[in-house]
2 protein chains.
Amino acid sequence: MSTSECQDAMRSLQVSLGERSYPIHIGPGLLGDSRWIAPHLAGRQVLVVTNETVAPLYLARLREGLPEGLEVRELVLPDGEATKTLEHVSRIWDALLEAGFNRRCTLIALGGGVIGDMVGFAAACYQRGVAFIQVPTTLLSQVDSSVGGKTGVNHPRGKNMIGAFWQPRAVLIDTDTLATLPPRELSAGLAEVIKYGLIRDAGFLAWLEAEIPTLRELDAAALTQAIERSCAIKAEIVAEDETEQGVRALLNLGHTFGHAIEAHQGYGNWLHGEAVGAGMLMAAELSHRLGWLSDADVARARRLIEEAGLPLTAPGEMDVKAFLDLMRLDKKNIDSRLRLILLRRLGDARVHDETPPALLEELLDTFPRC
Amino acid sequence: MSTSECQDAMRSLQVSLGERSYPIHIGPGLLGDSRWIAPHLAGRQVLVVTNETVAPLYLARLREGLPEGLEVRELVLPDGEATKTLEHVSRIWDALLEAGFNRRCTLIALGGGVIGDMVGFAAACYQRGVAFIQVPTTLLSQVDSSVGGKTGVNHPRGKNMIGAFWQPRAVLIDTDTLATLPPRELSAGLAEVIKYGLIRDAGFLAWLEAEIPTLRELDAAALTQAIERSCAIKAEIVAEDETEQGVRALLNLGHTFGHAIEAHQGYGNWLHGEAVGAGMLMAAELSHRLGWLSDADVARARRLIEEAGLPLTAPGEMDVKAFLDLMRLDKKNIDSRLRLILLRRLGDARVHDETPPALLEELLDTFPRC
């Protein structure tokens, strides 16, 4: 992974995955500028997939940034996590087949993580794999789901249960798109930003403690820096472990708890980042009970999560059994053993599958509810 | 790819794909013998997927061949090419999630190509990829779809349009299962066997001309030899080109015409091998019109296809336009160019994308109809 300054406010990283390596470009004004998209198109056939919220805001601008002479189709899906289903991915396949698109077509995902995950999965399976480009428009998708090649959809019995590893040709992050992001979604994105500090970079964590208010005020320079550092950490980890055999599991800090909350509440009622926010605090508390984090460490984590505008409590209706049943479905588990990501120190996460069940149950029992 | 004799009638090949290499074991009595399955299970959780035709014949025998102490579930789907849909793959995912199976589970595909393609695709996408073992029970699937990692389902607008490349952990071919195969399906399997001779091995083609009657009488030794040579040729080609960027396209001899026939007739009305049989003859005739094959070559191909019990004509209702419209959807096409596999000589196939349209239309117009 290398970082270079391309022009005034532009930053570029490279995710190193051999033949499947790809660039991430971050900066203002990318959408309308064909220099960033053109080199990554596989052929003349292009399908842009977006949602009803993003289409009126950015679809025209993206279209302006496409080179001439292409055969461009557009598909606008409904918005929201509840749409992340096989049925909606099927609509993408239907659109590709109706257009008669072949294996040299390119899919462009314009939107948040839901659009990115669905379009990536559609690309992974259309004619056994075609090109796709990520154009994430939410902070969460810019720092998380657009990097790493995880694609897929939810199932009534579990989140992201159906999917594939499939890498984009490029990720184009236009920071201008954050201007229209609702504050609640900005907070959800900050959850993942904080996660990178907690698992891998104590210096970044300290920077975030100082800059969280600035980030919430949408300061462009601070956002660019936060996105760049987040993508760099994620790219580094993904390059080490593309298919989640080892270190990549660390990226799931807060996610085993968080996925349980999302599954229990019905996808889309809690934002993913909100569930991860509460989940990270649960992981920090459990790390404290294991003797890994001090009271002061947990207090720092809690304060940062709170300042980011994220929940510090779990849903009132979720009892211990509800948590345990849903957590057992987690993809990280090996056979019947519960595998968690916990914090050895702030800035240093570990995969842990030897948490005493009583300790976990005690945490789940006493963790505050809303 | 290497071949070795394991015991009296057992043959084993290795498909060489780096980390994804896997063995193919061929011989009688494999199903009930746990030595062949046990080494390839990823963990304790096993889902066996089969169909209503195969279940009463071989499911109990497969179960006997599984080691003790496993958590085994079974799913029996309807039979036939018409069931090769996303809806039926979803039923496999539902079964896995209902059982609470994690990423260390193993899927076993017991049946023909339809079961193999669906189970492989289900394995490719369940939790972004789990292990699967192919136990093909038809000649077609033994020599074709069980080798090479192509998985997927049909779409109303085209065959195999949705899928993934996903390699099995092992392919176990129990030749005893051919005893219950209907003659029409045996012929369909022979179409693919003949294909290997036509595209790559003139010596094997000559052997087939002598042995076709023996094969149709289900002579075990001849069948084992035909399966082994077919798998060896396919394994060799797949090892050279896992994701069909080049030489692997040769395996599609007769398939562009054949897929058009299948799509036009509705999947399952013509058997895949029957459509490929007629399609190979169309490819041979077109090769003759290009000046590549002699009259005598085409006559040899026609005689072998006929002796295998395969159709020598296309469906009466398919006019030139119907063929062209469906052939244009073929995955081998680059942009709007029609790409065909044709025969430079018997035993030597070529990818050809410069067939003069008039020549193709003339062939489609004059090729006999039933």
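Residues numbered from 1 in each chain as written. Chains lettered and ligands numbered in written order. Predicted model: local features only at pLDDT ≥ 70, side-chain atom pairs only at ≥ 80, totals over all residues. Heavy atoms only, no water.

Chain A is annotated in an unreviewed UniProt entry as 3-dehydroquinate synthase from Billgrantia endophytica. According to the UniProt record, the Function (unreviewed entry) comment for chain A reads "Catalyzes the conversion of 3-deoxy-D-arabino-heptulosonate 7-phosphate (DAHP) to dehydroquinate (DHQ)." Its UniProt record, at the heading Catalytic activity (unreviewed entry), says of chain A: "7-phospho-2-dehydro-3-deoxy-D-arabino-heptonate = 3-dehydroquinate + phosphate". (UniProt positions renumbered as here; feature names shortened; annotations may be inferred.)

A separate point is the pattern of salt bridges. Residue and element names in this part refer to chain B. On inspection of all chains with the given rule, the structure shows 44 salt bridges over all chains. For the salt bridge of Lys159 with Glu81, the shortest nitrogen-to-oxygen distance reads 2.7 Å. Residue Lys159 is located in strand 9 (residues 158-165), and its partner Glu81 is located in the loop between strand 5 (71-77) and helix 3 (86-98); the two are separated by 78 residues in the primary sequence. A relative accessible area of 14% places Glu81 in the buried class. For Lys159, the salt bridge is made with Glu262, and the minimal N-O distance between the two is 3.5 Å. Within this pair, whereas Lys159 is found in strand 9, its partner Glu262 is found in helix 9 (residues 255-265), the two being separated by 103 residues in sequence. (Salt bridge = Lys/Arg side-chain N within 4 Å of Asp/Glu carboxyl O. Helix = DSSP H or I, 4+ residues; strand = E, 2+ residues; numbered from the N terminus. Buried < 20%, exposed > 50% of the residue type's maximum accessible area, 1.4 Å probe, protein only.)

This part is about the state of the cysteines. Working definition: the covalent bond between the sulfur atoms of two cysteines is a disulfide. Taken as a whole, this structure holds zero disulfides over all chains when the rule is applied. A:Cys125 takes part in no disulfide bond, and the closest cysteine sulfur to it belongs to B:Cys125, at a distance of 3.9 Å. The exposure class of A:Cys125 is buried, given its relative accessible area of 1%. (Disulfide = S-S within 2.5 Å.)

Let's shift gears to the relation of the copies chain B and chain A. Turning chain B through 180° and shifting it by 0.0 Å along the axis lays it on chain A, with an RMSD of 0.0 Å. Taken together, the turn and the small shift mark the pair as related by a two-fold rotation axis. (Least-squares fit on C-alpha atoms with pLDDT ≥ 70 in both.)

With that settled, the discussion passes to the pairing of strand 7 (residues 131-136) of chain A. Residues and elements named next belong to chain A. With respect to burial, strand 7 is a largely interior element, six of its six residues being buried. Burial along strand 7 is two-sided: Ala131, Ile133 and Val135 facing one way and Phe132, Gln134 and Pro136 facing the other are all buried. Relative to strand 7, strand 6 (residues 106-111) is paired through six bridges, and the arrangement is parallel. Its bridge partner lying in strand 7, Gly111 is registered against Pro136. Following the chain from strand 6 across helix 4 (residues 113-125) to the adjacent parallel strand 7, one finds a crossover that is right-handed. Across two bridges, the pairing between strand 7 and strand 10 (residues 170-174) is parallel. When the bridges of strand 10 are listed, Ile133 appears paired with Ala170. (Pairing = 2+ DSSP bridges. Right-handed = clockwise from strand over helix to strand, strands pointing away.)

On to the UniProt feature "binding site: Zn(2+)" (unreviewed entry) in chain A. Residue and element names in this part refer to chain A. Those residues carrying the UniProt feature "binding site: Zn(2+)" (unreviewed entry) are Glu192, His255 and His272 in this numbering. A stretch of 81 residues holds the annotated residues, and the largest C-alpha distance among them is 10.2 Å, short enough that they meet in one place. Structurally, His255 is set in helix 9 (residues 255-265). His255 gets classed as buried once you look at its relative accessible area, which sits at 4%. Leave out the neighbours within four places in its chain, and His255 touches Glu192, Lys195, His272 and Val276. Positionally, His272 belongs in helix 10 (residues 272-289). (Contact = heavy atoms within 4.5 Å.)

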